[in-house]
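# A look at the structure
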Amino acid sequence: MTQQLKPYGLRMPDDLKDQVKDAAAREGRSMNAQIVQHLREIYQPSQEETAA
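Residues numbered from 1 in each chain as written. Predicted model: local features only at pLDDT ≥ 70, side-chain atom pairs only at ≥ 80, totals over all residues. Heavy atoms only, no water.

### Notes on a nonpolar patch on the surface
Definition in use: Patches in this entry comprise residues that are over 30% relatively accessible and not in a salt bridge; like charges within 9 Å are linked, as are nonpolar side chains (Val, Leu, Ile, Met, Phe, Trp, Tyr) within 5 Å. Each accessible area is a Shrake-Rupley result for a 1.4 Å probe, and residues are judged covered by the shown protein chains and nothing else. The rule for a salt bridge is simple: a side-chain nitrogen of Lys or Arg has to be within 4 Å of a carboxyl oxygen of Asp or Glu. In this text, helices come from DSSP runs of H or I with a minimum length of four residues, and strands from runs of E with a minimum of two, each type numbered from the N-terminal end.
A surface patch of nonpolar side chains, about 370 Å² in accessible area, is lined by Leu39, Ile42 and Tyr43. Mapped onto the fold, Tyr43 is located in helix H2 (residues 31-43).

Listed below in structure tokens is the structure:
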């Protein structure tokens, strides 16, 4: 079963939105998936942090 996520409106400057859109296209992701990936990289602890 797939988890249903509630939509979250996100406002950002147009130039940043363009950068996210371009990066998502290069990596074959949606803008949402691109943003989620970057947030996960920032907020999920690395294996080194969890081993400490």
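### Remarks on helix H1 (residues 14-27)
To keep things clear, this is the line we draw: To estimate the expected span of a helix, count its residues, drop one, and scale the result by 1.5 Å. In this scheme, a residue with accessible area under 20% of its type's maximum is buried, one over 50% is exposed, and one in between is partly exposed, where area comes from a 1.4 Å probe on protein chains only. Picture the helix axis, draw a direction to every C-beta atom, and the arc is the one those directions span. We call two residues in contact whenever any of their non-hydrogen atoms come within 4.5 Å of each other.
In a regular helix each residue adds 1.5 Å, so 14 residues correspond to 20 Å; H1 covers 20 Å between its end C-alpha atoms and thus fits that length. Those residues of H1 that fall on the buried side of the exposure criterion are Val20, Ala23 and Ala24. Seen from one end, H1 has its buried residues packed into an arc of 100°, which puts them on one side. In H1, the exposed positions angled more than 90 degrees off the buried face are occupied by Asp14, Asp15, Lys21, Ala25 and Arg26. Looking at the buried residues of H1, the elements they touch are H2.

### Digging into the confidence of the model for the protein
Selection criterion: Confidence of the prediction at every residue is given by pLDDT, a number between 0 and 100.
For the protein, the average pLDDT comes to 89, and 83% of its residues sit at 70 or higher. Mean pLDDT per element in the protein: helix H3 (residues 47-51) is the minimum at 65, and H1 is the maximum at 98.

### Comments concerning the layout of surface pockets
Quick note on the threshold: Lining residues are defined by having an atom within 4 Å of a point belonging to a cavity or pocket. Those points lie on a 1 Å grid over the protein atoms alone, cavities being sets where a 1.4 Å probe fits but cannot get out and pockets being open sets with protein on both sides within 12 Å along at least five of seven lines. Grid points are joined across faces, edges and corners, and a volume is the space filled by probe spheres set on the points. Each residue gets one of three labels, nonpolar for Ala, Val, Leu, Ile, Met, Phe, Trp, Tyr, Cys and Pro, charged for Asp, Glu, Lys and Arg, and polar for the others, Gly among them.
For the largest pocket, the calculated volume is near 330 Å³. Leu5, Lys6, Pro7, Tyr8, Leu10, Asn32, Ile35, Val36, Leu39 and Arg40 are the residues that line the largest pocket. Looking at side-chain class alone, the lining of the largest pocket contains seven nonpolar, one polar and two charged residues.

### A short note on the pattern of salt bridges
Under the counting rule described, the total for this entry stands at one salt bridge. Among the ionic pairs, Arg29 bridges to Glu27, the shortest N-O distance being 2.7 Å. On the basis of relative accessible area, Arg29 is assigned to the partly exposed category, the value being 31%.

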